[in-house]
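Per-entry structural report
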Amino acid sequence: MRGLHYVLLIVLSLFVLWTCAPRTYNPIVVRPATCSDDIQFATSPNLGHVLEFADRMHKPVFIDFYSPWVDNCKRMEEHVFTQDALAQYFNTHFINYKVDVGGAPPGPELADMYGVTHFPTMVFVDGKGKVMLRHEGPATASQLLEMGSFLHNSIKTDETVSLGTE
């Protein structure tokens, strides 16, 4: 009987590890939305791949333009992106992507492309890279949640109107 308990424990542990392992969608890596209490940021060396993925998933992209030496960016990382309600909402409704503007390419180029000069700057774009909503400077979790909810609800309303069902 004791051996059966160990086998079940091992199987359960392997299942949890497998479901929370990062998924690779060539060439981006995205963690499953339910596996963390923090906002899960996709990893990719190219925003184009993230946009293509987001377009396929029918989700907008939340881009955090940050600089690791700026105090407001550090505070956002430690105290805002770790809020449970915000993380759950953003992990469900957006593809999240971080851009280190002071780091290696494409960070500086993307900052130029989107006219980012203040840090942090948060930009919501569609799957084609078109800016839908922009916020410069730090934000609280409730402010970001309000922005995200507004954008998500606007998109749902636009889809309903374009289908002629409203």
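Residues numbered from 1 in each chain as written. Predicted model: local features only at pLDDT ≥ 70, side-chain atom pairs only at ≥ 80, totals over all residues. Heavy atoms only, no water.

Some points on helix H2 (residues 47-57)
We apply this condition: Accessibility here uses a 1.4 Å probe with only protein chains present; expressed as a share of the type maximum, an area under 20% marks a residue as buried, one over 50% as exposed, and anything in between as partly exposed. Where helices and strands are cited, they refer to DSSP runs of H or I of at least four residues and of E of at least two residues respectively, numbered from the N terminus. Here, the arc refers to the directions that run from the helix axis to the C-beta atoms.
All of the buried residues along H2 are Leu47, Val50, Leu51, Phe53 and Ala54. When H2 is viewed along its axis, its buried side chains cluster within an angular range of 165° and face the same direction. His58 lies just past H2 and shows a positive phi near 60°.

What about the pattern of salt bridges?
Once the charged atoms of two side chains with opposite charge are near each other, the side chains can pair. The condition that has to hold: Definition used for salt bridges: Asp or Glu carboxyl oxygen within 4 Å of a side-chain nitrogen of Lys or Arg.
Tallied over the full model, the rule gives six salt bridges. Where Asp55 meets Lys128, a salt bridge forms, and the shortest distance between an N and an O atom there is 2.8 Å. In this pair, Asp55 is assigned in helix H2 and Lys128 in the loop between strand S6 (121-125) and strand S7 (131-136), connecting sequence segments 73 residues apart. Measuring nitrogen to oxygen at the nearest pair gives 2.9 Å for the salt bridge that ties Glu77 to Lys98. Of this pair, Glu77 sits in helix H3 (residues 71-80) while Lys98 is found in strand S5 (residues 95-100), placing the two residues 21 residues apart along the sequence. Look at Glu77 and you get partly exposed, because its relative accessible area is 36%.

Quick notes on unusual backbone geometry
Cis geometry is found at the peptide bond from Pro105 to Pro106, where omega equals 15°. With respect to the element layout, Pro106 can be found in the loop between S5 and helix H5 (107-113). The peptide bond linking Phe119 to Pro120 adopts the cis configuration, its omega dihedral lying at -5°. Summarising the element assignment, Pro120 is placed in the loop between H5 and S6. The backbone phi angle of His58 is positive, close to 60°, even though this residue is not glycine. Residue position: His58 is located in the loop between H2 and strand S4 (61-66).

What to know about the pairing of S5
Selection criterion: When DSSP locates at least two bridges between a pair of strands, those strands are taken to pair.
As paired elements, strand S3 (residues 41-42) and S5 share two bridges and run parallel to each other. Looking across to S5, one finds that Phe41 is bridged to Asn96. Relative to S5, S4 is paired through six bridges, and the arrangement is parallel. Bridge assignment links Phe65 to a residue of S5, and that residue is Val99.

By themselves, these figures tell us nothing about what the structure is for.
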